[in-house]
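# Structural features, examined
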Amino acid sequence: MFSTLKAIILLSLLLTLATGTYAKLTDQKPNDLDALWNLYSDTYISDGRVISLDENHITTSEGQSYALLRAVWSNDRETFDSVLRWTQQQLSRPDKLFSWKWKDRVLDKNAATDADTDIALALLLAAERFDLPHYKTQALQIIDSIWENEVLEINGRYYITGGNWAPDEAYPTIHVGYLAPYAYELFSRVDSRHPWEKLITTSYDILEWLYFDKKLALPPEKIYLDKNNGSYLPNKPKLKRAPIFSYDVFPIFWRVATDEQWFGRGKSKLRKRMLRFFEDEWQKRNRFFDRYTLQGEPQSQFEALPLYATVSSLARINKSPIAQALDEQKVHPLWSNALVNRDTPYYLHNWLWFDRALALKTARSFDEFPGFWHPFDVIVFNRYFAFVLLAICLVVVVLLITFLKRH
């Protein structure tokens, strides 16, 4: 009898995991991701080109990279191939990186490291998701070029800079919001020629320098490197404009959350420190603004809508006391608007989706243990055939009980 009870409990736990209830924070469901992705692709993507309708109809390498990631996590190979083809035809540079800005023609041929990284990551994920090795071959070419053109070595330490243009600057620029340790982890597993793990180290060094050494409430969009000794500079010498916290750095909170969810980096003290300002600001104002000084003084009265999504990801991972309220009072209403295509700009569309995809574990590395779950994707299968999965689990329970009774 006791063995039968244990079997029922075990199968019940498996059933709970299989049906995806572990991922629910509100009434959001996995098929909401599909709905928002379909709406986004119909509205913003034309023949593989992502058009930022609210930014004078420009196209950026960032927008292309976001579409590639969302397509692979949505299991949408048709859109993935379309976006990839347009990106390679219109933005690809001779060095395999990507020009960052386009409208009728390339407007700026320089590359942006965040987009180059995300495109390479999307290709690696697609190679696994769609079981097509040639995507990995293309990813490796980009990964090699990122290292050769966008990574800077100073005194044996390696730093990811803002783009191909940055290493030659007198004081090379690092965009804090571009730091993506989870991507460097995956790159290190496929590229043994370059020490990608050292970029993970310096990425966290930068964040810890900002939060613990400089004791800032918020990170700046950019910092700079002193080539003589590798020290970090909060501003360029002789540059009088004060650094700010604004849109360009918003992604860092989602990126740190993703690294923790995928690889358990163990930076709980840092994550807690990154959330402190937002926890205090939520208690004080019940909202976040889109521009602050680095000490946390508002410089705008406009709400930072994408920031709610990226901070929500980190708050959820860290079990912050504001996680539930932030999701229910800010993120969920924004989702409701997005699903009916109301008041949801391009950038917000993306970060709402990425936040929810991380919560539902749809945003994944496809490198999880155990590997035999892939290519059978339990999450995608359950999205459309939940009743079948439920029936299978119930049959297994009945058979197991019958077996135990007989033995």
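Preceding block: the structure.
Below: a short report on this structure. Predicted model only: the values in this text are computed from it and were never measured. (Residues numbered from 1 in each chain as written. Predicted model: local features only at pLDDT ≥ 70, side-chain atom pairs only at ≥ 80, totals over all residues. Heavy atoms only, no water.)

Judged by pairing direction, the sheet is antiparallel, and its 3 strands sit side by side in the order β8-β9-β10 without closing on themselves. The strands lining the two open edges of the sheet, one partner per strand, are β8 (173-175) and β10 (232-233). (Pairing = 2+ DSSP bridges. Helix = DSSP H or I, 4+ residues; strand = E, 2+ residues; numbered from the N terminus.)

Our next topic: the packing of helix α4 (residues 77-90) against helix α5 (residues 113-129). At their nearest, the axes of α4 and α5 sit 12 Å apart, and the two run at 140 degrees to each other. Taken together, the axis directions place α4 and α5 in an arrangement best described as oblique. Handedness of the α4/α5 crossing: left-handed. Listed contacts from α5 to Phe-80, Leu-84 and Thr-87 of α4 are Ile-119, Ala-122, Leu-123 and Ala-126. A class-by-class count of the residues in the contact of α4 with α5 yields 6 nonpolar, 1 polar and no charged. (Axes fitted to C-alpha atoms, helices over the stretch in contact; angles between N-to-C directions. Parallel < 35°, antiparallel > 145°, perpendicular 65-115°, else oblique. Left-handed = near helix turned anticlockwise from the far one by under 90°. Contact = heavy atoms within 4.5 Å. Nonpolar A, V, L, I, M, F, W, Y, C, P; charged D, E, K, R; others polar.)

We now examine the packing of helix α7 (residues 181-190) against helix α8 (residues 197-213). Packing of α7 against α8 leaves a shortest axis separation of 8 Å and a crossing angle of 165 degrees. Judged by the inter-axis angle, α7 sits roughly antiparallel to α8. Judged by the twist between their axes, the crossing of α7 over α8 is left-handed. Here α7 contributes Pro-181, Tyr-184, Glu-185 and Ser-188 to the contact with α8, which in turn contributes Glu-197, Leu-199, Ile-200, Ser-203 and Tyr-204.

Glancing now at the pairing of strand β7 (residues 157-160). Pairing of strand β6 (residues 151-154) with β7, which is carried by 4 bridges, proceeds in the antiparallel orientation. Its bridge partner being in β7, Glu-153 is matched across the sheet by Tyr-158. Linkage of β6 to β7, two consecutive antiparallel strands, is achieved through a turn of 2 residues, within which Asn-155 is found at a positive phi near 55 degrees.

In this section: α8. For α8, spanning 17 residues, the distance from its first C-alpha to its last is 23 Å, which sits close to the expected 24 Å at 1.5 Å a residue. In the segment just after α8, Lys-215 is the residue with positive phi, at about 55 degrees. (Expected span 1.5 Å × (residues − 1).)

Counted according to the given criterion, the structure contains 38 aromatic pairs. Note on Tyr-182 and Trp-254: the rings are 6.0 Å apart at their centroids and 90 degrees apart in plane angle, and the pair reads as edge-to-face. Taken together, the residues span a long stretch of sequence, with Tyr-182 in helix α7 and Trp-254 in helix α9 (residues 251-263) at a distance of 72 residues. A single burial state applies to Tyr-182 and to Trp-254, both of which are buried. The cationic tip of Arg-70 hangs over the ring face of Tyr-40; the distance from NZ or CZ to the ring centre is 4.3 Å. The residue whose ring lies beneath Lys-269 is Phe-212, and the NZ or CZ to ring-centre distance is 5.2 Å. (Phe/Tyr/Trp six-rings, centres within 6.5 Å; stacked < 30°, edge-to-face > 60°. Buried < 20%, exposed > 50% of the residue type's maximum accessible area, 1.4 Å probe, protein only. Lys NZ or Arg CZ within 6 Å of the ring centre and 35° of its normal.)

Summed over all chains, the structure comprises 16 salt bridges. Put simply, Asp-95 and Arg-93 hold a salt bridge, and the shortest N to O gap is 2.6 Å. Across the pair Asp-144 and Arg-193 runs a salt bridge, and its minimum N-O distance is 2.4 Å. Here Asp-144, found in helix α6 (residues 133-150), pairs with Arg-193, found in the loop between α7 and α8; they are 49 residues apart in sequence, far enough to count as distant. Using a relative accessible area of 59% as the deciding quantity, one classes Arg-193 as exposed. What you see here is one network of salt bridges that share partners, running through Glu-185, Arg-189, Asp-259, Arg-265 and Asp-367. (Salt bridge = Lys/Arg side-chain N within 4 Å of Asp/Glu carboxyl O.)

To continue, consider the environment of Lys-269. With respect to the element layout, Lys-269 can be found in helix α10 (residues 268-285). With 49 residues separating them along the chain, Lys-269 and Asn-318 place their C-alpha atoms 9.9 Å apart.

Moving on to unusual backbone geometry. Even without glycine at this site, Asp-131 takes up a positive phi of about 55 degrees. Mapped onto the fold, Asp-131 is located in the loop between α5 and α6. Using a relative accessible area of 60% as the deciding quantity, one classes Asp-131 as exposed. Phi is positive for Asn-286, which is not a glycine, with a value near 65 degrees. Relative to the assigned elements, Asn-286 resides in the loop between α10 and α11 (305-317). Taking the relative accessible area as the measure of exposure, Asn-286 reaches 33% and is therefore partly exposed.

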